[in-house]
Amino acid sequence: MHRQNIQSGGGQLFLFCSYLLLSPFYVFKSGGPQIADFFGVCLIGLFLWVSCVNPPMKILKANKTSLVLLYLFLLYTSMVALTNGFANGDESPLLSILFFCYNIFIFTFVITYFSNRLDYPSIFSTVRKVTVVCLLVQVVASFILPPSLSGRGLVFFNNPNQLGYFSICILSIYYLLSPISIRRGSVKEGVTGFFVIGGCLYLAFLSLSKAAIVSIVVIFLYRGWRSPFVWILFIILMSFGISHLSEIELAVKVFDRVSSIGTQSDDNLSGRGYDRIVNHPEYLLWGAGEGLTKRFVSQIGYYEIHSTWGTLLFSYGLTGLFLFCVFLYTLVRRAPISVFVYLLPLFLYGLTHQGLRFTLFWVALAFALVCSNHFRRERFKQFEVNSIINDENKAVKV
């Protein structure tokens, strides 16, 4: 019966994988729904229907702390948005509620669906392969599509920073899935992982996003520290790459871009909008809400704060930031340090860019919790095995 329930989730897995594959294809303007979101909405609808028919109470209870904190965060941000909208007679702040609801429902689906299938590594392997295919499509397309007028790569995105953020999310998701889907330490895993890092780093280079490049290097250094094989392959491929003129041109652009860190007008706290927090300390505790930025004084004018963390602090105050940070802590508190390392690039990128609305960010957070559940489960299994061995040894001595 349990196996039938597992297999009946094929429709949800199809919709989720379809979402992942289509997520980089931006047809409409940024800030609105894209093609992938059609599959995302269908996935949420199917998930809610399946959950009503067969409530996943065991999984929900096992992740109760994280979910309670997350939905408290959703409730609080919704209250701030509603208060902000009604107080100013404008409905635009209410859009933040839709974004949070959509992404948090996707998060809930991921932890519920995949935490219930830890005995089926083939399912995780499927998702992992989809992330590789998704990455490969973007890399191949980058050689076919004409370059943007700005000189920064877009591929199918509307903004080069979206491409950079996508590369970080894909890399984090890929490695968070690895402990569940493959045999650790295999040569195939090392080679595939290297090419995934290389592909993500290439897209980050192409986007010329300084935050994305620096963030991905964190995972590269961590993987290189764990396996010198990564450094060997990196040297070989770099030697091959610099023999091509196009790669030299890209390398020059990347070098100029990275070397300019700290010298441009937006490479400081005010340039990212953090000065808005200092200029309006009255919102520090409860938050000002998102939108209606004409109310505030800042070097960035009427743009939103270019930071995930700055947005959380200014828009939702210390209260919202505290709820979110404690929620993040529950994701990694029982997991190995590697889980935190694979999330760290997302957090670093969020220092200079607003990434809360990017759904793949929430997918990566969800897989961190799934990975944590996997390791907790493995420790429990090992504990049971050790208990049996100890009991047998005691029996032999008697």
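Keep in mind the model is a prediction, meaning the values are calculated, not measured.

Rules behind the numbers
- Residues numbered from 1 in each chain as written.
- Predicted model: local features only at pLDDT ≥ 70, side-chain atom pairs only at ≥ 80, totals over all residues.
- Heavy atoms only, no water.
- Helix = DSSP H or I, 4+ residues; strand = E, 2+ residues; numbered from the N terminus.
- Buried < 20%, exposed > 50% of the residue type's maximum accessible area, 1.4 Å probe, protein only.
- Contact = heavy atoms within 4.5 Å.
- Areas by Shrake-Rupley, 256 points an atom, 1.4 Å probe, with all protein chains shown as cover.
- Lys, Arg positive; Asp, Glu negative; His and termini not counted.
- Salt bridge = Lys/Arg side-chain N within 4 Å of Asp/Glu carboxyl O.
- Polar contact = N/O pair within 3.5 Å; in protein donor to acceptor, adjacent residues only side chain to side chain.
- 1 Å grid on protein atoms, 1.4 Å probe; cavity = no way out; pocket = protein on both sides within 12 Å on 5 of 7 lines; lining within 4 Å.
- Points joined across faces, edges and corners; volume = space filled by probe spheres on them.
- Nonpolar A, V, L, I, M, F, W, Y, C, P; charged D, E, K, R; others polar.
- Disulfide = S-S within 2.5 Å.
- Axes fitted to C-alpha atoms, helices over the stretch in contact; angles between N-to-C directions.
- Parallel < 35°, antiparallel > 145°, perpendicular 65-115°, else oblique.
- Left-handed = near helix turned anticlockwise from the far one by under 90°.
- Expected span 1.5 Å × (residues − 1).
- Bend = angle between axes of the 7 residues up to and from the residue.
- Core = buried A, V, L, I, M, F, W, Y, C linked by side-chain atoms within 4.5 Å.
- pLDDT = per-residue confidence, 0-100.
- Phe/Tyr/Trp six-rings, centres within 6.5 Å; stacked < 30°, edge-to-face > 60°.

*Asks:* Which residues make up the overall build of the protein, and what values go with them?
*Replies:* Regarding its fold elements, the protein presents 16 helices and 0 strands. Within the protein, the fraction of its 398 residues that count as buried is 50%. Contacts in the protein between residues far apart in sequence, at least 24 positions, make up 77% of those at least 6 positions apart. Accessible surface computed for the protein: about 19,700 Å², of which carbon and sulfur atoms make up 69%.

*Asks:* Outline the side chain of Asp-37, supporting the account with residue identities and numerical values.
*Replies:* Mapped onto the secondary structure, Asp-37 falls in helix 3 (residues 35-53). An unpaired buried charge is present at Asp-37: no salt bridge exists, and Arg-357, the closest side chain of opposite charge, is 11 Å distant. Polar side-chain contacts of Asp-37 include one of 2.8 Å to the backbone nitrogen of Gln-34. If we skip the residues at most four places from it in the chain, Asp-37 touches Tyr-19, Gly-32 and Tyr-102.

*Asks:* Hey, could you go over the environment of Val-339 for me, with residue numbers and the actual values?
*Replies:* Within the element layout of this structure, Val-339 appears in helix 15 (residues 337-349). Considering only alpha carbons, one finds Val-339 and Ser-372, 33 residues apart in sequence, at a separation of 7.7 Å. Val-339 has contacts with Leu-176, Val-332, Ala-368, Cys-371 and Phe-375, leaving out every residue within four places of it along the chain.

*Asks:* Any details on the layout of surface pockets? Residues and values, ideally.
*Replies:* Where empty space is left in the structure can be found by rolling a water-sized probe over the atoms. Approximately 1,600 Å³ is the volume attributed to the largest pocket. Considering the residues around the largest pocket, the lining is formed by 48 residues, among which Ser-30, Gly-31, Phe-99, Glu-304 and Arg-357 are closest to the centre. Mapped by element, the contributors of at least two residues to the lining of the largest pocket are helix 3, helix 6 (95-115), helix 8 (160-181), helix 14 (308-332) and helix 16 (359-397). It is helix 6 that contributes the most residues to the lining of the largest pocket, 6 residues altogether. For the lining of the largest pocket, a count of residues per class yields 21 nonpolar, 21 polar and 6 charged.

*Asks:* Lay out the state of the cysteines in plain terms, naming residues and giving numbers.
*Replies:* Counting across every chain of the model gives 0 disulfides. For the unlinked cysteine Cys-200, the closest cysteine sulfur is that of Cys-134, found at 9.6 Å.

*Asks:* How would you sum up the environment of Leu-206? Please name residues and give values.
*Replies:* Here Leu-206 lies in helix 9 (residues 187-207). Taking the C-alpha atoms as reference points, Leu-206 and Leu-163, 43 residues apart in sequence, are found 8.5 Å from one another.

*Asks:* Residue-level account of the packing of helix 2 (residues 10-22) against helix 6, with values.
*Replies:* Helix packing for two helices is described by the angle between their axes and how far apart those axes are. Following both chains from N to C, one finds helix 2 and helix 6 inclined at 130 degrees, their axes separated by 12 Å at the closest point. It follows that helix 2 is oblique to helix 6 by the angle criterion. In the packing of helix 2 onto helix 6, the handedness of the crossing is left-handed. When helix 2 is examined against helix 6, the residues Gly-10, Gln-12, Leu-13, Phe-16 and Tyr-19 are found in contact with a partner set consisting of Tyr-102, Phe-109, Val-110, Tyr-113 and Phe-114. Class assignment for the residues of the contact of helix 2 with helix 6 results in 8 nonpolar, 2 polar and no charged.

*Asks:* Any details on the pattern of salt bridges? Residues and values, ideally.
*Replies:* Following the criterion strictly, the structure yields 3 salt bridges and no others. With its nearest N and O atoms 3.4 Å apart, the salt bridge here joins Arg-357 to Glu-290. Linking Arg-357 in the loop between helix 15 and helix 16 with Glu-290 in the loop between helix 13 (275-279) and helix 14, this pair joins segments that are 67 residues apart in sequence. By relative accessible area, which is 12% here, Glu-290 ends up buried. Between Glu-304 and Arg-357 there is a salt bridge, with its nearest N and O atoms 2.7 Å apart. Of the two residues, Glu-304 sits in the loop between helix 13 and helix 14 while Arg-357 sits in the loop between helix 15 and helix 16, which places them 53 residues apart along the sequence. Taking the relative accessible area as the measure of exposure, Arg-357 reaches 32% and is therefore partly exposed. When salt bridges that share partners are traced, they join Glu-290, Glu-304 and Arg-357 into one network.

*Asks:* Tell me about helix 15, and name the residues and values.
*Replies:* Counted at 1.5 Å a residue, the expected span for helix 15 with its 13 residues is 18 Å, and the 19 Å between its end C-alpha atoms agrees. Along helix 15, the largest kink reaches about 35 degrees and is centred on Leu-343; proline Pro-345 follows within four residues of it. Buried residues of helix 15: Ser-338, Val-339, Val-341, Tyr-342, Leu-343, Pro-345, Leu-346, Phe-347 and Tyr-349, and no others.

*Asks:* Break down the nonpolar core for me, with residues and values.
*Replies:* With 109 residues, the main nonpolar core has Phe-114 and Phe-367 as its most contacted residues. The residues touching Phe-367, leaving out its near neighbours within four places in the chain, are Phe-16, Val-110, Phe-114, Val-127, Ile-173, Leu-176 and Leu-177.

*Asks:* So what's going on with the confidence of the model for the protein? Residues and values would help.
*Replies:* Of the residues in the protein, 81% have a pLDDT of 70 or more, and the chain-wide mean is 85. Within the protein, helix 14 carries the highest mean pLDDT (97), whereas helix 1 (residues 2-7) carries the lowest (47). Long-range and interchain partners of residues 1-7, a stretch whose pLDDT sits below 50, account for 9 contacts in this model, where long-range means more than four residues apart.

*Asks:* Quick rundown of the packing of aromatic side chains? Include the residues and the values.
*Replies:* This model, assessed by the stated rule, comprises 34 aromatic pairs. With centroids separated by 5.9 Å and ring planes inclined at 70 degrees, the aromatic side chains of Phe-100 and Tyr-316 adopt a geometry described as edge-to-face. Here Tyr-316 lies in helix 14 and Phe-100 lies in helix 6, a separation of 216 residues in the sequence. Since its relative accessible area comes to 0%, Tyr-316 is described here as buried. Ring geometry for Phe-143 against Tyr-202: centres 5.5 Å apart, planes inclined by 5 degrees, an arrangement best described as stacked. Remark: Tyr-202 occurs in helix 9 and Phe-143 occurs in helix 7 (residues 121-144); sequence separation between them is 59 residues. Relative accessible area serves as the criterion here: at 56%, Phe-143 is assigned to the exposed category.

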